[in-house]
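Spelled out, the chains give:
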Amino acid sequence: MSMRISIIVPVYNNPRDLPECLSSIVASSLPDSEIIVVDDASTDETPSVAAGMGVRVLRLEKNSGPGGARNYGARHAQGDILFFVDADVVIARGAIDRVKEIFEANPDLAAVFGSYDTRPRAQDIVSLYWNLRHHFVHQNGSSKASTFWAGCGAIRRRAFEEMGGFDEKRFPYPSIEDIEIGYRLRRGGHKILLDRSLQGTHLKKWTLRSVVLTDITRRAIPWSRLILETGVAPDDLNLKRGQRASFVLVVLGCLFLGLSLLRIEMLGLSAAALLAVVVLNRNLYGFFLRQRGFLFAAACIPLHLLYYLYSGLSYLYVWITMRCRPRGRSVTGDGTRA
């Protein structure tokens, strides 16, 4: 019996990107696949735009975040494979074929995901940096993945249902709901594959403010909390040993820089720490250089140091707050205290 794939696209107030996203899915769709758009209670013309694309549209009455929207789509899907695609991602031609091929060749595989490609629509420095960093990290991650990414990733239905889907109570907004379900899949003994050929073009435009706020509040803080709660910090993707060392070195570099106001010799320690970060990340900066040239690569270095600074401080903040939490009280999945 042929394996059927359901492509599920959660969307909220994004009529601009949705047509490009759906056009790429329609162009790659298989005869027996289905396309489901879950409108997460949009307040603009997004539902009518989706309906005009000739795909199945489901609508939530209350905004539930992408995790809740994906869960709702999964409950109404008919496929054996649930292929999640973000509304601001244009999948490469043949991506659905590739997903089907992977699952048919690996009957014990629970999930597969890919990465952004190197051609984001927004061409400003911040957007290019964010997207190319994502591409590099995923392309250099272990194929035997320890987590999951739902921007362009698929899960076998039976594994998805066994896990209870995305944790929409804990993550009622765009966050690390996909990373968290990846943790649960691995703890449950399931296999996850990172397939480097499975790629999509990211359409989102980032600003420095949106990058910093999103990375801190929607990624660094909840991911740090997840790591400390589970005790799991796999040596992969954003958590490789070199990246962890870079977090520490940047924080120390900034600390020494501040202390140099009192003792000038601290300035040398600060410079040494930051230089060590550049050396640790030389492969990434070399990638930036090959992709966009010297000026772009040079501009990315302070952006990358800033990323390490706020990520490291976010982890430190979560560690301190969890250590100071009164014993006998824990945080439940919905954020309340038990």
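In what follows, the structure referred to is the one given above.
Rules used throughout
- Residues numbered from 1 in each chain as written.
- Predicted model: local features only at pLDDT ≥ 70, side-chain atom pairs only at ≥ 80, totals over all residues.
- Heavy atoms only, no water.
- Phe/Tyr/Trp six-rings, centres within 6.5 Å; stacked < 30°, edge-to-face > 60°.
- Helix = DSSP H or I, 4+ residues; strand = E, 2+ residues; numbered from the N terminus.
- Buried < 20%, exposed > 50% of the residue type's maximum accessible area, 1.4 Å probe, protein only.
- Salt bridge = Lys/Arg side-chain N within 4 Å of Asp/Glu carboxyl O.
- Expected span 1.5 Å × (residues − 1).
- Contact = heavy atoms within 4.5 Å.
- Pairing = 2+ DSSP bridges.
- Axes fitted to C-alpha atoms, helices over the stretch in contact; angles between N-to-C directions.
- Core = buried A, V, L, I, M, F, W, Y, C linked by side-chain atoms within 4.5 Å.

This paragraph deals with the packing of aromatic side chains. Under the definition given, this model contains 15 aromatic pairs. Judged by centre distance (5.7 Å) and plane angle (40°), the rings of Phe84 and Phe160 are tilted. With Phe84 in strand E4 (residues 81-85) and Phe160 in helix H6 (residues 157-163), the pair connects residues that are 76 residues apart, well separated along the chain. Phe84 gets classed as buried once you look at its relative accessible area, which sits at 0%.

So, on to the pattern of salt bridges. Under the counting rule described, the total for this entry stands at 16 salt bridges. The partner of Glu20 in a salt bridge is Arg121, with the nearest N and O atoms 2.5 Å apart. Placement of Glu20 in helix H1 (residues 18-28) and of Arg121 in the loop between strand E6 (109-116) and helix H5 (125-139) is noted, with a sequence separation of 101 residues between them. Between Glu101 and Arg98 there is a salt bridge, with the nearest N and O atoms lying 2.8 Å from each other. Highlighted residues: Glu101 and Arg98, both in helix H4 (residues 95-105), separated by three residues, approximately one helical turn. Linked by salt bridges that have partners in common, Asp17, Glu20 and Arg121 make up one network.

Residues lying three or four places apart along an α-helix face the same way, a consequence of the helix completing one turn every 3.6 residues. End to end, helix H3 (residues 65-76) covers 17 Å across 12 residues, agreeing with the expected 16 Å (1.5 Å per residue, within 8%). With nine of its 12 residues buried, H3 lies for the most part within the structure. In this structure, the buried side of H3 is in contact with strand E1 (5-11), strand E2 (34-39), strand E3 (56-59), E4, H6 and helix H7 (177-187).

What the eight strands build is an open sheet, ordered E3-E2-E1-E4-E7-E6-E8-E5; its pairing is mixed. Of all the strands in the sheet, just E3 and strand E5 (89-91) have a single pairing partner and so form its edges. Pairwise comparison of adjacent strand axes, ignoring direction, gives a mean angle of 30° for this sheet. With six bridges joining them, E1 and E2 adopt parallel strand pairing. Bridged to Ile7 within E2 is Ile35. Along the sheet, H1 makes contact with E1, E2, E4 and E5, crossing E5 at roughly 15°. Of the strands in this sheet, E6, strand E7 (152-156) and strand E8 (191-202) touch H7, which is tilted by about 155° from E8.

With phi around 45°, Asn13 is a residue other than glycine that occupies positive phi space. The exposure class assigned to Asn13 is partly exposed, which follows from its relative accessible area of 27%. You will see that Ala41, though not glycine, has its phi angle at about 60°, which is positive. With respect to the secondary-structure elements, Ala41 resides in the loop between E2 and helix H2 (46-51). Overall, Ala41 belongs to the buried group, its relative accessible area being 12%.

With 83 residues, the main nonpolar core has Ile7, Val9, Ile25, Phe83, Val85, Ile155 and Phe288 as its most contacted residues. For this core, the element with the most residues is helix H12 (residues 294-323), which contributes eight residues. If sequence neighbours within four positions are ignored, Phe83 has contacts with Ile5, Ser6, Ile7, Ile8, Ala95, Ile96, Val99, Cys152, Gly153, Ala154 and Leu198. Membership of the second largest hydrophobic core comes to eight residues, among which are Tyr183, Trp223, Leu226 and Leu239.

Our next topic: the pairing of E6. If a strand is regular, its side chains alternate between the two faces of the sheet. Across the eight residues that make up E6, a large majority, eight, are buried. Summarising the sheet, E6 and E8 pair through six bridges and their orientation is parallel. Across the sheet, the residue bridging to Ala111 is Ile192, located in E8. Sheet analysis places E6 next to E7, joined by three bridges and oriented antiparallel. Across the sheet, residue Val112 finds its bridge partner in E7, namely Ala154.

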